[in-house]
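Residues per chain, in single letters:
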Amino acid sequence: MDTAPLHAPDAVRPAGWHGVVADWSSDQRSFKGASWGKVMMWIFLLSDTFIFGCFLLSYMSVRMSTTVPWPNPSEVFALEIAGTNFPLILIAIMTFVLISSSGTMAMAVNCAYRRDRGKTTALMLLTAVFGATFVGMQAFEWSKLIHEGVRPWENPWGAPQFGAAFFTITGFHGTHVTIGVIMLLIVARKVWRGDFDHERPGGLTGRRGRYEMVEIAGLYWHFVDLVWVFIFALFYLW
Amino acid sequence: MGELAHGAGGQIPAAEVPEMELPHPHGWWSTYVFSQDAKVIGIQYALTALAIGMVALVLSWLMRLQLGFPDTFTFIDPQAYYQFITMHGMIMVVYLLTALFLGGFGNYLIPLMLGARDMVFPFVNMLSFWVYLLAVLVLVASFFVPGGPTGAGWTLYPPQAILSGTPGRDWGIVLMLLSLCLFIAGFTMGGLNYVVTVLQARTRGMTLMRMPLTVWGIFTATVMALLAFPALFVGAVMLLLDRLLGTSFFMPTLVEMGQQLRYGGGSPILFQHLFWFFGHPEVYIVALPAFGIVSDLISTHARRNIFGYRMMVWAIVIIGALSFVVWAHHMYVSGMHPWFGFFFATTTLIIAIPTAIKVYNWLLTLWRGNIHLNVPMLFALGFIVTFVNGGLTGLFLGNVVVDVPLSDTMFVVAHFHMVMGVAPVMVIFGGIYHWYPKMTGRMLDDTMGKIHFWVTFLGAYAIFFPMHYLGLLGVPRRYHTIGETSFVPASAADLNAFISVVALVVGAAQMLFLFNLLWSLRHGRESGPNPWRATTLEWQTPETPPGHGNWGKELPVVHRWAYDYAVPGAPEDFVPQNEALPPPAHVAKGEATA
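Quantities reported herein were computed from a predicted structural model and do not represent experimental measurements. (Residues numbered from 1 in each chain as written. Chains lettered and ligands numbered in written order. Predicted model: local features only at pLDDT ≥ 70, side-chain atom pairs only at ≥ 80, totals over all residues.)

A. The arrangement of the overall build of chain B in detail. Broken down by element type, chain B carries 16 helices and two strands. For 594 residues, the compact-globule estimate of 2.2 N^0.38 gives 25 Å, and chain B sits close to it at 25 Å. Judged by the C-alpha coordinates and their principal axes, chain B covers about 95 × 50 × 50 Å. With 594 residues in all, chain B has 54% of them scored as buried. When contacts within chain B are restricted to residue pairs at least 6 apart in sequence, long-range pairs at least 24 apart make up 80% of them. (Helix = DSSP H or I, 4+ residues; strand = E, 2+ residues; numbered from the N terminus. Rg over C-alpha atoms; globule rule 2.2 N^0.38 Å. Buried ≥ 20, exposed ≤ 12 C-beta atoms within 10 Å, placed from the backbone. Contact = placed C-beta atoms within 7 Å.)

B. Local environment of the overall build of chain A. When its secondary structure is counted, chain A shows seven helices and two strands. From first element to last, N terminus to C terminus, chain A shows the α and β order α-α-α-β-β-α-α-α-α. The buried share of chain A, taken over its 238 residues, is 35%. Residue pairs in contact within chain A that sit at least 24 positions apart in sequence constitute 69% of those at least 6 positions apart.

C. Molecular detail of helix α5 (residues 117-147) of chain A. All names here are of chain A. Look at α5: 45 Å from first C-alpha to last across 31 residues, which is about the 45 Å you get at 1.5 Å a residue. All buried positions along α5 are accounted for by Thr120, Thr121, Leu123, Met124, Thr127, Ala128, Phe130, Gly131, Phe134 and Gln138. In this structure, the buried side of α5 is in contact with α4 (89-113), α6 (161-193) and α7 (212-237). Just past α5, the residue Gly149 takes up positive phi, approximately 100 degrees. (Expected span 1.5 Å × (residues − 1).)

D. A look at the interface of chain A and chain B. Taken together, the 44 residues of chain A in the interface contact 47 residues of chain B. For the side of chain A that touches chain B, the elements supplying multiple residues, two or more each, are α2 (36-65) and α6 of chain A.

E. Quick look at the packing of helix α8 (residues 268-301) of chain B against helix α10 (residues 338-366) of chain B. Residue and element names in this part refer to chain B. Running from N to C, α8 and α10 cross one another at 15 degrees; their axes reach a closest spacing of 9 Å. Classified by the angle their axes make, α8 and α10 are roughly parallel. In terms of crossing hand, the pair formed by α8 and α10 is left-handed. Contacts between α8 and α10 involve Phe291, Ser295, Ile298 and Ser299 from the first element and Lys358, Trp362, Thr365 and Leu366 from the second. (Axes fitted to C-alpha atoms, helices over the stretch in contact; angles between N-to-C directions. Parallel < 35°, antiparallel > 145°, perpendicular 65-115°, else oblique. Left-handed = near helix turned anticlockwise from the far one by under 90°.)

F. Here's a closer look at the pairing of strand β2 (residues 84-87) of chain A. Two strands pair when backbone bridges link them, and strand β1 (residues 78-81) of chain A and β2 of chain A are joined in this way by four bridges, in the antiparallel orientation. Directly across from Glu80 of chain A, in β2 of chain A, lies its bridge partner Asn85 of chain A. (Pairing = 2+ DSSP bridges.)

G. Looking closely at the nonpolar core. Residues and elements named next belong to chain B. Membership of the largest hydrophobic core comes to 236 residues, with the highest contact counts inside it found for Leu100 and Phe379. Element by element, the count of residues in this core is highest for helix α4 (residues 78-114), at 25 residues. In contact with Leu100, not counting residues within four places along its chain, are Tyr45, Ala46, Ala49, Phe105 and Ile428. (Core = buried A, V, L, I, M, F, W, Y, C linked by C-beta atoms within 7 Å.)

H. Structural view of the environment of Met60 of chain A. All names here are of chain A. In this fold, Met60 is placed in helix α2. Met60 sits in the partly exposed class, given 13 other C-beta atoms within 10 Å. Considering only alpha carbons, one finds Met60 and Leu234, 174 residues apart in sequence, at a separation of 8.2 Å.

I. Focus on the environment of Ser47 of chain A. Turning to its location among the elements, Ser47 of chain A is positioned in helix α2. A sequence separation of 55 residues divides Ser47 of chain A from Ser102 of chain A, and the C-alpha atoms of the two residues are 21 Å apart. Setting aside chain neighbours within four positions, we find Ser47 of chain A in contact with Thr188, Leu226, Leu227 and Pro230 of chain B.

J. Summary view of unusual backbone geometry. Residue and element names in this part refer to chain B. The linkage connecting Pro158 with the following residue, Pro159, adopts the cis geometry, with an omega of 5 degrees. Omega for the bond connecting Thr544 with Pro545 falls within 30 degrees of zero, at -10 degrees, which places this linkage in the cis form. Note that Pro545 resides in the loop between α15 (491-523) and α16 (585-588). Non-glycine residue Arg368 carries a positive phi angle of around 60 degrees. When you line up the elements, Arg368 lands in the loop between α10 and α11 (375-398). Judged by local crowding, Arg368 falls into the exposed class, with 9 C-beta atoms found within 10 Å. Even without being a glycine, Arg478 presents a positive backbone phi close to 65 degrees. As for its position among the elements, Arg478 is in the loop between α14 (446-473) and α15.

K. Molecular detail of the confidence of the model for chain B. Residue and element names in this part refer to chain B. When pLDDT is averaged along chain B, the result is 92; 96% of the residues meet or exceed 70. Scored below 50 in pLDDT, residues 1-9 shows 22 contacts in the model against residues more than four places distant or in partner chains. Scoring of the predicted complex yields 0.94 for pTM and 0.94 for ipTM. (pLDDT = per-residue confidence, 0-100.)

L. Main features of the packing of α8 of chain B against helix α13 (residues 410-440) of chain B. Residues and elements named next belong to chain B. Running from amino to carboxyl end, α8 crosses α13 at an angle of 40 degrees, the nearest separation of the two axes being 9 Å. When the axis of α8 is compared with that of α13, the two are oblique. Of the two possible hands of crossing, α8 and α13 adopt the one that is left-handed. Touching Val283, Val286, Ala287, Ala290, Ile293, Val294 and Leu297 of α8 are Met420, Ala423, Pro424, Val427, Gly430, Gly431 and His434, all from α13. Of the residues contributing to the contact of α8 with α13, the split by class is 11 nonpolar, three polar and no charged. (Nonpolar A, V, L, I, M, F, W, Y, C, P; charged D, E, K, R; others polar.)

M. Geometry of the environment of Gly398 of chain B. Residue and element names in this part refer to chain B. Following the sequence through the fold, Gly398 ends up in helix α11. Its 21 C-beta neighbours within 10 Å are what place Gly398 among the buried residues. Separated by 155 residues in the primary sequence, Gly398 and Arg243 have C-alpha atoms spaced 33 Å apart. Setting aside residues no more than four positions away along its own chain, Gly398 makes contact with His329, Ala345, Thr348 and Leu349.

Structure, rendered in structure tokens:
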């Protein structure tokens, strides 16, 4: 069972860096306060950081090495609403929605640890709705660009790597968001059914459910949001 | 010796790791096939890796037949030759060595050596193996599709990897890239398990600095793999898009057969950077587990504590970290700026320092040891020799000015086969001879083992030593036929024929090894729980082979480091890790202490 670790009630651990050194030179656990699931998610996210890092570095590399002009993001990603041209308006809304979803996720984690099933479920569903809205708007953006003639191999305005990098990286990120939404829905259902109150075993793993799963799902969700900030900065603002 | 430094003192702390929820198998299928037990998964990984490794071995025979006896085997045309090279390289590096060290040895040994009941996420661990198997099957499938497997060379460099002149351009390259992505996904599932198990599920008393070096090697290599494989994954995805969708990440403007292709503006060098940002750490992903395992083999079979344990640990960690900043030494001839070459040559040569520390420590462990020349020890010694040998030629190739003329010659082939082919394979064999008794309860046959070792070891030298010379002559690598050149003398052909004959013999010796694996399963001598009289926890299990959950009712408690051999005053010449400190010699003999 990988619940929060046992601790001797009278255990005293040194503070600050001394505590870190003491933990790492001790037996059994190197991260004394963290469960297995949480450590696993952190390490996975570290690995995933390298994936997005490689994607973004590759994008920067092809963008800098191409001799053809790069399409101007303020024009490409502009929307015409009621006759006025708004640069980056859709992306601004998408970013706002995704960042808001991080807020609702954090509130859901808080409620989960208070064992407030109703509020937790509602907030997780709200987070999932925000995520789905984000993916929906992304689909809208994709179809708009495709209508305007952007393809992974060409576009009307300049370097063909624009479409290639754009579809690959936002697609990969959108896939992450979609997986996150599915994960949120699954965990929300477990919360709603009270699986975590009764420590009901999971269908695949047979491990007992815990409210910490809300937090672990949250870690993933915040990571996906953070990645979006970098994509936003490097794709739309550069 | 070491017991005071690393073993004694301190109370055994209270349990911080709660009892593990183990999935219990019901019946044959969930015990042996869809098993969530790390020991079974480890054996499944190892057998799959050995099976696909056999394919790569046969491919190397075919290549040698062509090189040794050109114009004799007409079915090996240039296209097929390139396909053999590509598949041989990729299978050996990724699907055999990586999978066998991390998936095989890692799964089997990490929980046992740490005193855990299993990996922390058994279900994910099982999934890891099945995704790996799927990756292998996809790879094998490329032999049977129209056009055959890709012939792009194991580095898969674009643009040639996806141009129509390259064999396997239609299906082979697609399946190869898909298979790599699957492999990475599967490995990530397993890798997270290994890392979290080492960090968070050790038994009481098992501090990081008491772990056997085997675990340190596998742990560090796994962390590296989790950070290095993403680069390959990204490179593979983008190359796949270049091939299937016609994007131009890596593809410059090209004219093919008089026609301009639709590609344009991409950067082939970018792929090389991504590939080698994975590819160089990959060398150490394979080497570090070998370092760790060989340390344990040497210490156990020389009955000596490992010399400089702390230095050995730090050397592993430092090598792991440095290996991320040397990748461009594979790209000296790619046209990059010479100043970069200077930087990467410097970092490359710095790696020699921690590596040399390890080699000296192995030698000092052997120094005045009670060396048992049994089969695992022979392979461990064979590793040290071949590894030092390959490492020394690495110093040549790490320097830009020496590398440029030697690049793309047989010298490079000889170098990397010595250092990351033969040397790690020696450790794999040594490890299998060493731990087979724990896996099966029976010893592998000694005579067959010794024949296997001597043929393999001497054969490896007979194959790869002359190859250095061929490289110095200027014989290029990856050539189907050399033909007539002014600088390669006719005698090079004789040497090539000699190498080929030896390669066939060495390959045959591996059949003897496989036979030994099967034969000893029934007819091997019973080993008992601890045939090598070793200290580490996996030899102290209540059952051999260890049962479900490894430890019976009570988890072991660790009192000391893993290397208490020949401790003065101890009743035996080894003290297992889970044994409380023996009374000092004068107490044991009944002398007055007051």
